[in-house]
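# Per-entry structural report
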2 protein chains.
Amino acid sequence: MSNNKWIYLFSDVDQAEKHAGSWEATRALLGGKGANLGEMTRIGVPVPPGFTASTEACNAYLEAGEQFPEGMWDQEVAAMAAVEKQTDKKFGDPKNPLLVSCRSGAKFSMPGMMDTVLNIGLNDEVAESMIAMIDDARFVYDAYRRLVHMFGSVVLNIDDEAFEEPLDEYKKEKGYKLDTEMTAEDWKKLTETYKAVIKEQMGFEFPQDPYEQLKLATEAVFKSWNGRRAINYRNAAGIAHDLGTGVNIQTMVFGNMDKSGTGVAFTRNPATGEKKLYGDYLENAQGEDVVAGIRNAEDITTMQATFPKAYADFLEVCDKLEDHYKEMQDVEFTVEHEKLWMLQTRDGKRTAKAAVTIAVDMANEGLISREDAVKRVTPEQVDTLLHPQFIDEAKKKAQETGSFLVSGVNASPGAAVGRVYFDADTAEEKSKEDGQDVIMVRPFTKPDDVHGMLAAKGILTTEGGATSHAAVVARQFGIPCVVGASAARINLETRTLTVGDLVVKEGDWISVDGTSGESFLGRIESVAPSLEEQTDLLELLGWADELTASEGVREFAEGWPTRGLQVWANADYPEDARRARSYGAQGIGLCRTEHMFFEPERLPIVQDMILAGDNVEVRQAALDKLLPYQRQDFDGLFEAMTGLPVIIRLIDPPLHEFMPDERELLEAVIEARVKGETLPEKEALLEDIEALHESNPMMGLRGVRLSVMMPEIVSMQVRAIFEAAADVKLRGFEPKPEVMIPLTGHVNELLFIQPKLEEIAADVMKTKGVEFDYKFGTMIEIPRAGLTADQIAETAEFFSFGTNDLTQFTFGYSRDDAERNFLVKYVEDGILEMNPFQTIDRAGVGQLMKLTVEKGRATRTDLECGICGEHGGDPNSIEWCHLIGLNYVSCSPFRVPIARLAAAHAALTHKK
Amino acid sequence: MSNNKWIYLFSDVDQAEKHAGSWEATRALLGGKGANLGEMTRIGVPVPPGFTASTEACNAYLEAGEQFPEGMWDQEVAAMAAVEKQTDKKFGDPKNPLLVSCRSGAKFSMPGMMDTVLNIGLNDEVAESMIAMIDDARFVYDAYRRLVHMFGSVVLNIDDEAFEEPLDEYKKEKGYKLDTEMTAEDWKKLTETYKAVIKEQMGFEFPQDPYEQLKLATEAVFKSWNGRRAINYRNAAGIAHDLGTGVNIQTMVFGNMDKSGTGVAFTRNPATGEKKLYGDYLENAQGEDVVAGIRNAEDITTMQATFPKAYADFLEVCDKLEDHYKEMQDVEFTVEHEKLWMLQTRDGKRTAKAAVTIAVDMANEGLISREDAVKRVTPEQVDTLLHPQFIDEAKKKAQETGSFLVSGVNASPGAAVGRVYFDADTAEEKSKEDGQDVIMVRPFTKPDDVHGMLAAKGILTTEGGATSHAAVVARQFGIPCVVGASAARINLETRTLTVGDLVVKEGDWISVDGTSGESFLGRIESVAPSLEEQTDLLELLGWADELTASEGVREFAEGWPTRGLQVWANADYPEDARRARSYGAQGIGLCRTEHMFFEPERLPIVQDMILAGDNVEVRQAALDKLLPYQRQDFDGLFEAMTGLPVIIRLIDPPLHEFMPDERELLEAVIEARVKGETLPEKEALLEDIEALHESNPMMGLRGVRLSVMMPEIVSMQVRAIFEAAADVKLRGFEPKPEVMIPLTGHVNELLFIQPKLEEIAADVMKTKGVEFDYKFGTMIEIPRAGLTADQIAETAEFFSFGTNDLTQFTFGYSRDDAERNFLVKYVEDGILEMNPFQTIDRAGVGQLMKLTVEKGRATRTDLECGICGEHGGDPNSIEWCHLIGLNYVSCSPFRVPIARLAAAHAALTHKK
């Protein structure tokens with residue numbers, strides 16, 4: 001170890017990189033800040049000279065029981081000599097003093113976790129001499145008192161209050177309010193007070209020897225790696241404890257001197273992405289003044305007039321940095337006596353919009369590849385761009401004024417403002433008839449609430465989780481939605497929503513933030529983007545599609561258009577389909593036919609059909625009435641999606657979902673009975689509904705089971721599908737219907753029903769005299785279907801994973817209750833890494849999916865496999881779908897752009 | 001083909017066997033009857049001579065468009081010559097006529113499906129001549145009219161009525177009631193009438209040429225293979241259509257002549273199995289007289305006095321046949337002029353009891369091996385022996401007198417007679433206080449009905465399936481039970497059970513047959529066996545265990561006592577455990593702790609615990625009260641099972657199951673509200689219960705999820721388990737507790753709770769100062785647990801398949817509803833081969849189990865794997881458990897003997 005190099009000058013970064021072996025390892029060796037300072041020095045950016053004590057030195061120091069490793073201090077002294085040479089100043093020399101800062105810098109940024117000591121090298125003698133030289137006693141004593149304060153608290157571990165209290169008292173005595181009122185004399189006196197504090201608390205004097213200051217400060221930074229605060233932070237952020245920190249010793253530069261200034265800037269606009277310098281600048285100020293906003297900063301361009309040379313240098317540096325880092329940079333700089341010094345550079349944080357624009361611009365400028373551009377935008381950023389969002393400041397203000405109402409699960413993103421209504425009918429009426437903006441507020445929602453939900457700007461429920469009915473429907477239709485706001489109580493009799501003391505009455509305005517899960521009283525300002533206008537985003541998504549197609553092709557996708565993982569959409573209505581197509585969907589992966597059954601003019605017919613019981617004739621009569629409606633639904637869908645596949649799922653939910661609420665009926669009947677009245681109709685209806693009751697409806701009579709018991713319903717649906725497709729074809733379009741049978745668990749279920757349905761299809765085509773391609777396939781949502789996929793693929797021509805139900809059954813979690821009852825706690829406690837209803841559980845459900853695809857394709861090589869569950873719009877899940885070789889993911893139209901980007905990311909991350 | 005042999009003399013069976021290659025193929029070639037006649041001939045049993053036209057001849061005849069194959073008729077004529085030689089009679093010779101029968105005989109028995117022609121060889125001349133010789137005109141004309149009738153209907157396809165009508169008219173004219181009143185003259189006249197019928201219907205005379213009779217009869221039998229009746233039978237029985245039938249031509253012998261007789265007999269008693277000839281005998285009668293019971297038959301032994309030589313021969317033949325076939329035989333014989341002729345032998349049908357006794361006796365006699373003895377008894381037969389059964393005749397009589405009530409699912413076997421009560425409390429009261437035999441009748445049962453069920457002799461429900469609560473509990477406790485008797489309606493207000501017009505009032509007697517699923521009005525006689533007295537069965541089960549142990553060892557069972565598949569029992573109480581042990585259980589595979597929570601003095605404490613909500617102190621206080629009860633439960637269990645493992649499952653069901661009925665409370669609250677009253681306590685309770693409500697409770701907050709949310713309950717349980725085990729150990733017994741965590745879906749659930757519980761275990765053992773072996777493990781009932789079994793086995797020390805729930809989740813079937821809603825139809829329609837809740841679905845659930853065992857043992861080689869679901873007592877499922885290498889199956893104590901036999905069958909069937 002004795003020959004080890006512990007200290008690296010910023011100008012020796014080449015040496016460090018050689019020792020480390022890679023730039024990543026150099027960042028680990030020097031810490032992120034030290035490596036960047038070295039990097040800037042290397043590429044010729046003016047950086048105040050300095051050096052870094054490496055993380056290896058830190059680790060050696062800590063391992064040795066807080067002893068510098070052999071040779072380190074000698075290297076540090078030698079480095080200081082080199083810096084003296086570079087700056088032409090001398091550390092501790094009163095005539096030409098070199099002052100330095102001492103800052104920590106680990107591999108990963110740990111903002112605020114570890115400390116800084118500035119102005120090292122000052123002492124009584126140097127201070128006096130500096131005053132004589134620069135003729136600014138206030139500046140020097142201000143700097144000196146800062147050193148003593150920081151040294152006392154950071155290096156000597158004296159409580160901060162011991163320094164802050166004397167300052168407060170002094171100001172009080174003098175009647176000052178601001179630090180700026182302090183004079184040179186005041187700071188001088190305070191410096192003396194601070195030195196007395198150190199003497200009193202430590203029993204020794206503040207060290208006047210600059211090298212002693214330097215040594216103790218270096219040690220303090222090393223030690224701070226194992227401080228309580230740093231350890232807690234690393235635990236929370238998942239950073240390893242054995243990395244160690246580097247120590248950066250850097251020449252001080254001062255913007256608060258004569259012909260000096262300081263500023264922070266972004267190389268491009270971080271809000272819009274515009275390629276234009278964006279930042280703040282203050283003449284005669286220190287960096288912290290800009291950050292703290294004590295004085296009103298000016299636009300960065302004003303600097304051009306004051307320091308034209310420094311400004312020109314700055315522009316050049318910014319270009320150089322962008323060119324070097326291939327990223328928009330967030331920089332700090334100081335001008336000291338008209339000379340520019342760069343103090344820091346890092347990749348700049350930006351809004352979603354800016355991220356897209358910058359990525360696209362940089363690719364078009366040739367700075368980065370299109371692949372890099374696509375990789376740099378996250379699917380979450382695209383999500384943000386597609387929904388109206390509250391303006392941050394407006395939200396902050398609302399929070400401060402006590403308008404915060406309640407928090408819940410952020411089920412469907414976007415901002416919604418409207419008046420509260422507590423039931424679907426009223427919500428629809430107020431919206432349609434009075435043109436009001438409506439927020440529908442319910443304990444939870446059911447399928448027969450959908451008309452109210454569709455009429456609402458936003459939805460708030462007090463029960464349910466991220467995949468509850470309300471959440472699913474809201475996401476499907478892009479309606480901002482917060483669910484499970486369990487701190488709120490709804491009283492449907494008094495028509496109020498109560499949270500603690502806050503009471504919201506029906507008709508009151510509230511604002512619902514589906515992105516964050518918060519709700520507020522009153523109206524908060526929001527901004528609403530549109531995809532069509534976001535030309536940068538459209539360009540980026542186009543590149544994403546190209547990359548997915550060229551990188552994402554898997555060998556088992558043979559016989560299928562070689563476009564890698566496609567993105568399809570879940571859409572029930574022609575309008576949704578058109579939107580999906582305009583968002584780039586390559587097909588419809590799920591059209592749920594039962595939503596159509598809930599429409600007001602149809603529901604009574606549906607109920608007649610159900611109540612027919614064993615009377616097949618009555619049921620058929622009802623179905624005959626439904627047929628034209630269904631045909632009309634599908635007609636528009638096929639037309640909108642001409643040339644692209646449209647998967648239509650046959651009826652899936654248990655029949656009781658179409659019936660009136662059992663509890664309400666029961667209460668009415670009991671009430672009547674107690675009063676000695678009878679309600680024969682209601683009693684009969686109640687009995688019928690009770691007969692439909694199931695203990696666990698999710699595992700009950702639904703999907704294909706219903707079709708086996710009553711083939712008439714799906715027969716009608718298939719007739720409607722093929723009649724519509726035939727009509728559309730005759731009008732010159734290209735329908736591509738795919739009929740999907742839900743909830744299959746055994747191949748015999750398909751063998752029972754599919755031939756009957758194929759016969760109807762053939763019959764319709766023959767009668768209409770047209771032909772077109774079609775498929776019959778099944779959802780995979782029952783674990784047994786996956787386990788026996790080889791058998792099922794003998795009959796099914798395509799598989800579509802219904803991962804909501806598949807997750808339910810594979811975990812044995814009821815998604816209606818699980819989140820409320822235990823799932824949230826499971827995720828909080830880390831029992832589950834993530835909510836499996838939001839992101840595919842790769843170890844369990846995901847493995848079953850993989851097995852299913854393998855078994856299915858073993859039987860039918862060109863089996864079309866996709867996903868139409870909620871997970872189809874989740875980027876992490878989309879990556880899994882790519883890995884197991886699905887043909888497409890299908891998601892809500894609003895998530896199509898997100899999924900397109902996620903698909904490209906998956907293809908690029910795993911490209912061969 | 002021309003050199004083919006089509007006809008085989010009975011005495012040429014060696015040649016047939018040589019041609020066919022095996023005895024199995026000989027049966028296919030000659031048909032079962034022909035092969036057996038040959039076989040008897042071969043071993044020297046006196047069989048009337050004859051020959052068989054082979055099935056190959058039949059197939060050739062049918063293929064050639066109903067043409068005898070070349071050479072066949074010549075061979076038949078030659079065979080007849082050989083028979084003439086053997087009998088010293090001549091076919092068609094009036095002086096010494098040979099008469100023969102012509103019978104079909106296919107490879108598989110098709111009783112009643114194909115026809116027989118007797119007395120071929122008779123004609124006018126032969127008849128007259130015979131009368132002269134034997135001086136019995138009535139005998140001869142009776143035989144002749146039979147020939148003409150059979151020939152007319154079988155060979156010439158004339159409607160049977162054409163012959164029956166003239167006979168009826170004739171008897172009417174004469175004033176006869178019985179055929180026996182017909183004189184020789186009468187039969188002669190009828191024979192003429194019959195001949196006229198043929199002439200009239202066919203246009204030709206009844207053929208007088210015996211060879212023409214023979215030829216046409218042979219052809220008729222061939223043709224009958226393709227008759228509608230035979231085809232339908234084969235379709236229903238799953239017999240191939242290309243087998244063809246043989247034709248057996250055999251010398252007629254007559255028991256209704258002088259010094260003649262006939263009989264049927266079993267070589268051992270088919271009811272008891274006793275090694276003693278058992279049968280009926282009639283002097284001077286024909287075989288059909290014995291079968292039809294026209295005259296009272298005498299015991300077979302009476303024949304000794306009449307025909308001592310023939311009787312002695314018969315005994316010898318019986319021994320010879322048993323010795324040859326190694327099976328109890330069911331034989332038919334005729335004595336003609338004091339000479340014994342054997343007409344048929346086959347393996348005799350027998351009762352379950354006889355099956356066991358015969359198998360054990362034969363093994364002990366050295367006739368068969370112990371392995372064969374074990375194989376010959378079916379698990380179903382053992383089942384029958386363990387439950388009281390109604391006497392068949394008594395049941396038949398009840399059926400005839402209109403006492404049949406209703407039919408349902410035969411959920412738990414055995415016969416029960418008692419008075420009907422419609423709720424658990426009344427049932428318990430009537431049983432305990434009045435000493436009545438009680439049948440509990442309910443729409444369905446819930447856990448808080450268990451006290452009434454335990455007090456009942458039998459259970460009848462109108463809802464639910466084979467794995468409903470009622471069914472499971474009934475099987476567990478060996479209570480006869482019929483569920484899902486859906487044709488019956490229960491009116492709990494009028495306290496009646498109604499089926500059509502039949503009304504059963506509370507207190508009325510009914511009889512419930514859990515073996516068949518039937519119920520009857522009134523009391524039906526039954527017989528009740530006991531295992532201890534069934535020494536033969538005990539001996540057989542002992543052999544079964546030895547064979548399982550020696551044949552069933554699998555290599556992956558290393559590190560585990562090498563006994564092949566063990567049989568453990570599910571038992572909650574010491575009494576069950578003692579019974580299980582006496583039935584041969586090698587451990588307790590499932591002790592359900594929650595049944596203990598339902599006991600009357602405990603339930604209020606349990607409810608306090610639940611209603612404590614977030615108040616941990618209140619919950620802990622309730623748990624402290626429960627601890628001594630639980631400790632006491634386990635104490636007796638460990639003592640009873642000393643030296644054997646006892647798996648105790650921690651609390652599993654959702655908490656709402658312990659609460660009062662929601663609906664009743666709701667009605668009370670609404671009633672009060674309507675009356676303007678308030679019931680604050682009930683309202684509060686209702687609110688609490690509603691808070692526990694889940695949409696799909698099977699997939700809700702239960703099992704380990706409950707333990708993660710409220711670790712206090714299982715902490716108490718584990719403390720009780722280990723305190724009890726310690727106490728038992730201190731008293732000198734050997735407790736082997738295994739703690740089972742239910743419903744695990746993710747290894748992190750175990751990692752969360754198991755260490756806490758292991759700490760408690762260690763603490764108890766330290767405090768009590770004793771040590772003993774124990775394990776912590778988990779149920780596998782969530783598909784995800786199986787899919788990630790490698791991870792779960794890192795923490796769990798044993799797996800126990802909860803196949804009820806595993807089947808539920810893997811199929812997505814709610815077992816509370818599925819049978820009623822679609823499962824019964826699925827099985828009826830063949831969509832499912834069998835009810836997966838009764839027999840493991842090997843393709844789906846079974847594959848998942850196999851995968852689970854493989855993954856689990858990949859992590860932990862000596863992982864103990866067993867099954868504690870209902871399937872553990874099902875023979876087909878037990879075979880699967882053997883195939884996938886489980887260590888044990890665990891089932892209801894009453895099924896332990898059945899499972900022991902099934903385990904042996906599995907081991908023997910798949911032995912290497």
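Each value, and the rule that gives it
- Residues numbered from 1 in each chain as written.
- Chains lettered and ligands numbered in written order.
- Predicted model: local features only at pLDDT ≥ 70, side-chain atom pairs only at ≥ 80, totals over all residues.
- Heavy atoms only, no water.
- Pairing = 2+ DSSP bridges.
- Helix = DSSP H or I, 4+ residues; strand = E, 2+ residues; numbered from the N terminus.
- Axes fitted to C-alpha atoms, helices over the stretch in contact; angles between N-to-C directions.
- Left-handed = near helix turned anticlockwise from the far one by under 90°.
- Contact = heavy atoms within 4.5 Å.
- Nonpolar A, V, L, I, M, F, W, Y, C, P; charged D, E, K, R; others polar.
- Buried area = accessible area lost by both parts, 1.4 Å probe.
- Salt bridge = Lys/Arg side-chain N within 4 Å of Asp/Glu carboxyl O.
- Polar contact = N/O pair within 3.5 Å; in protein donor to acceptor, adjacent residues only side chain to side chain.
- Buried < 20%, exposed > 50% of the residue type's maximum accessible area, 1.4 Å probe, protein only.
- Parallel < 35°, antiparallel > 145°, perpendicular 65-115°, else oblique.
- Patch = residues over 30% accessible without salt bridge, like charges linked within 9 Å, V, L, I, M, F, W, Y side chains within 5 Å.
- Areas by Shrake-Rupley, 256 points an atom, 1.4 Å probe, with all protein chains shown as cover.
- Lys, Arg positive; Asp, Glu negative; His and termini not counted.
- Charge placed at Lys NZ, Arg CZ, Asp CG, Glu CD.

## A closer look at the sheet that holds strand β22 (residues 502-505) of chain A
Residue and element names in this part refer to chain A. The antiparallel open sheet is built from 3 strands, whose spatial order is β20-β21-β22. At either margin of the open sheet sits one strand with a lone partner, and together these are β20 (489-491) and β22. Adjacent strand axes in the sheet meet at a mean angle of 20 degrees when their direction is disregarded. When β20 meets strand β21 (residues 496-499), the two strands line up antiparallel, connected through 3 bridges. Each bridged residue has a counterpart across the sheet, and for Arg-489 the counterpart in β21 is Thr-498.

## Considerations on the packing of helix α14 (residues 352-364) of chain A against helix α16 (residues 379-386) of chain A
All names here are of chain A. Two elements in contact, α14 and α16, have axes separated by 8 Å at closest approach and are oriented at 115 degrees. For the crossing formed where α14 meets α16, the hand is left-handed. Contacts between α14 and α16 involve Ala-352, Lys-353, Ala-355 and Val-356 from the former and Gln-381, Thr-384 and Leu-385 from the latter. Here the residues of the contact of α14 with α16 are counted per class, giving 4 nonpolar, 2 polar and 1 charged.

## Looking at the pairing of strand β12 (residues 339-347) of chain A
All names here are of chain A. Where strand β11 (residues 329-336) and β12 come together, 8 bridges link them in antiparallel fashion. Directly across from Val-331, in β12, lies its bridge partner Thr-345. Turn length for the β11-β12 hairpin, with the two strands adjacent in sequence and antiparallel, is 2 residues, and the turn residue His-337 shows positive phi of about 50 degrees.

## A look at the interface of chain A and chain B
With 55 residues of chain A at the interface, the matching set in chain B holds 56 residues. Taking both partners together, chain A and chain B bury about 4900 Å²; carbon and sulfur atoms supply 60% of that area. Across the chain A-chain B interface, the total number found is 5 salt bridges. Taken together, the links from chain A to chain B amount to 32 residue pairs in polar contact (both at pLDDT 80 or more). Of all the secondary structure elements, the ones that give two or more residues to the side of chain A that touches chain B are α26 (662-674), α27 (680-692), α28 (704-709), α30 (747-768), α31 (783-787), α33 (803-811), α34 (818-828) and α35 (842-859) of chain A. If you tally residues by element for the side of chain A that touches chain B, the top one is α26 of chain A, at 7 residues.

## Examining the pattern of salt bridges
Residues and elements named next belong to chain A. In the structure shown here, the tally under the stated rule is 112 salt bridges over all chains. Two residues, Asp-817 and Arg-820, come together in a salt bridge whose shortest N-O distance is 3.6 Å. Classification of Asp-817 as buried rests on a relative accessible area of 3%. Look at the salt bridges and you will find they share partners, linking Glu-594, Arg-649, Asp-652, Arg-702, Asp-805 and Arg-815 into a network.

## A closer look at the packing of helix α24 (residues 603-611) of chain A against helix α25 (residues 616-640) of chain A
When two helices pack together, their arrangement is given by the angle between the helix axes and the distance between those axes. All names here are of chain A. Packing of α24 against α25 brings their axes to within 8 Å, and their N-to-C directions diverge by 150 degrees. By the angle between their axes, α24 is roughly antiparallel relative to α25. Between α24 and α25 lies a crossing of left-handed hand. Between α24 and α25, the residues in contact are Ile-605, Val-606, Asp-608 and Met-609 and Val-618, Arg-619, Ala-622, Leu-623, Lys-625, Leu-626 and Tyr-629, respectively. Taken together, the residues of the contact of α24 with α25 break down into 8 nonpolar, no polar and 3 charged.

## Let's talk about a negative patch on the surface
Taken together, Asp-159, Asp-160, Glu-161, Glu-164, Glu-165, Asp-168, Glu-169 and Glu-173 of chain A make up a surface patch of like negative charges. Structurally, the position occupied by Glu-161 of chain A is in helix α7 (residues 161-174).

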